[in-house]
Amino acid sequence: NLRRVKIMQSVLAHGKKVVQYLNQKKREITYTVVGTSLGVYFVTTRIATTALVAGQSMTPTLNQNSSNSRVLVDLITPVTKVKPNDIVLAHDPEDSGEYIVKRVTALAGQFVEVDEDGPGTYVRKHVYKGKLSVPTGYCWVEGDNKSNSHDSREFGPLPLGLIKGRVIYTLWR
């Protein structure tokens, strides 16, 4: 009997150590998961993120071989550093819940040459002798596939404040 009691005491003492060890590991795992999650959140909301580009408006640059491309977007570079020919991710000015990916073709103070008879309700209303001036605080964006793009020709100059970031790499086309 005494031997059984000692064995039970030993098992209980060892069991307490196992429980303490497991609790310590549980805390470490929790801290790791929470820390990693916060790190990923910070990176994807402040440094860089990916975006899925659907549709054909940026063909042939994007969506060349499929209907979707995934791009890496730089969120750090300020919108004041955006320059012509950059591809940007921006909030759609006509649908705040959606994003657009377009190429910047002109900045504030620059003129955009447009086809007066071409597509685009904004262009038809505001063009003068085939040219439009981009106002301060705005840029002009167009899709590479001009025949199939909802862009500044439709909604006018894009406010710089709607730009979320600059596309820096195509992960797949």
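Residues numbered from 1 in each chain as written. Predicted model: local features only at pLDDT ≥ 70, side-chain atom pairs only at ≥ 80, totals over all residues. Heavy atoms only, no water.

**Some points on the overall build of the protein**
Helix and strand content of the protein: three helices and nine strands. Overall, the protein shows an N-to-C arrangement of helices and strands of α-β-β-β-β-β-α-β-β-α-β-β. Its C-alpha atoms give the protein a radius of gyration of 28 Å, clearly above 16 Å, the size a compact globule of 173 residues would have. Sequence-distant contacts in the protein: of pairs separated by 6 or more residues, those separated by 24 or more amount to 57%. Taken as a whole, the protein presents about 11,200 Å² of accessible surface, with 56% of it coming from carbon and sulfur. If you average the places of the 23 positive and of the 15 negative side-chain charges in the protein, the two averages end up 24 Å apart. (Helix = DSSP H or I, 4+ residues; strand = E, 2+ residues; numbered from the N terminus. Rg over C-alpha atoms; globule rule 2.2 N^0.38 Å. Contact = heavy atoms within 4.5 Å. Areas by Shrake-Rupley, 256 points an atom, 1.4 Å probe, with all protein chains shown as cover. Lys, Arg positive; Asp, Glu negative; His and termini not counted. Charge placed at Lys NZ, Arg CZ, Asp CG, Glu CD.)

**Comments concerning the pattern of salt bridges**
Counting across every chain of the model gives six salt bridges. Residue R153 is joined to D151 by a salt bridge in which the shortest nitrogen-to-oxygen separation is 2.9 Å. On the basis of relative accessibility, which here comes to 9%, the residue R153 falls in the buried class. (Salt bridge = Lys/Arg side-chain N within 4 Å of Asp/Glu carboxyl O. Buried < 20%, exposed > 50% of the residue type's maximum accessible area, 1.4 Å probe, protein only.)

**Quick look at the sheet that holds strand β1 (residues 48-54)**
Strand order in the open sheet formed by seven strands is β1-β2-β9-β3-β4-β7-β8, and the pairing between neighbours is antiparallel. Two strands lie at the open edges of the sheet, namely β1 and β8 (158-159), each paired on one side alone. Pairing analysis gives five bridges linking strand β2 (residues 68-74) to strand β9 (residues 163-172), with the strands arranged antiparallel. Opposite D74, over in β9, you have R166 as the bridge partner. Most of the contacts of helix α1 (residues 2-47) go to β1, to which it runs at about 65°, and overall it touches β1 and β2. (Pairing = 2+ DSSP bridges. Axes fitted to C-alpha atoms, helices over the stretch in contact; angles between N-to-C directions.)

**What about the confidence of the model for the protein?**
When pLDDT is averaged along the protein, the result is 86, and 96% of the positions lie at 70 or above. The least confident element of the protein, judged by mean pLDDT, is helix α2 (residues 121-126) at 72; the most confident is β8 at 96. (pLDDT = per-residue confidence, 0-100.)

**What to know about the layout of surface pockets**
Volume-wise, the largest pocket comes out at about 320 Å³. Lining the largest pocket we find 18 residues, and of these L52, A54, Y99, I100 and V101 sit closest to its centre. Elements that contribute at least two residues to the lining of the largest pocket include exactly β1, β3 (87-92) and β4 (95-107). When residues of the lining of the largest pocket are assigned to their parent elements, the largest contribution, six residues, is made by β1. (1 Å grid on protein atoms, 1.4 Å probe; cavity = no way out; pocket = protein on both sides within 12 Å on 5 of 7 lines; lining within 4 Å. Points joined across faces, edges and corners; volume = space filled by probe spheres on them.)

**Details of a nonpolar patch on the surface**
Taken together, the side chains of L52, I168, Y169, L171 and W172 define a hydrophobic patch exposed on the protein surface, amounting to about 530 Å² of accessible area. Element by element, the count of residues in the nonpolar patch is highest for β9, at four residues. On the basis of relative accessibility, which here comes to 45%, the residue I168 falls in the partly exposed class. (Patch = residues over 30% accessible without salt bridge, like charges linked within 9 Å, V, L, I, M, F, W, Y side chains within 5 Å.)

**A look at the pairing of β2**
Here β1 pairs with β2 via seven bridges, running antiparallel. Residue pairing in the sheet places A51 in a bridge with V71 of β2.

**Considerations on the side chain of D86**
Looking at the secondary structure, you find D86 in the loop between β2 and β3. Judged by relative accessible area, D86 falls into the buried class, the value being 10%. Among all residues touching D86, those that are not within four sequence positions of it are K81, K102, R103, V104 and R166.

**Brief notes about unusual backbone geometry**
Of note, the amide linkage connecting T59 to P60 takes the cis form, showing an omega dihedral of 10°. Looking at the element boundaries, P60 is found in the loop between β1 and β2. Backbone geometry at N85 places phi at a positive 85°, although glycine is not the residue there. Considering the arrangement of structural elements, one finds N85 in the loop between β2 and β3.

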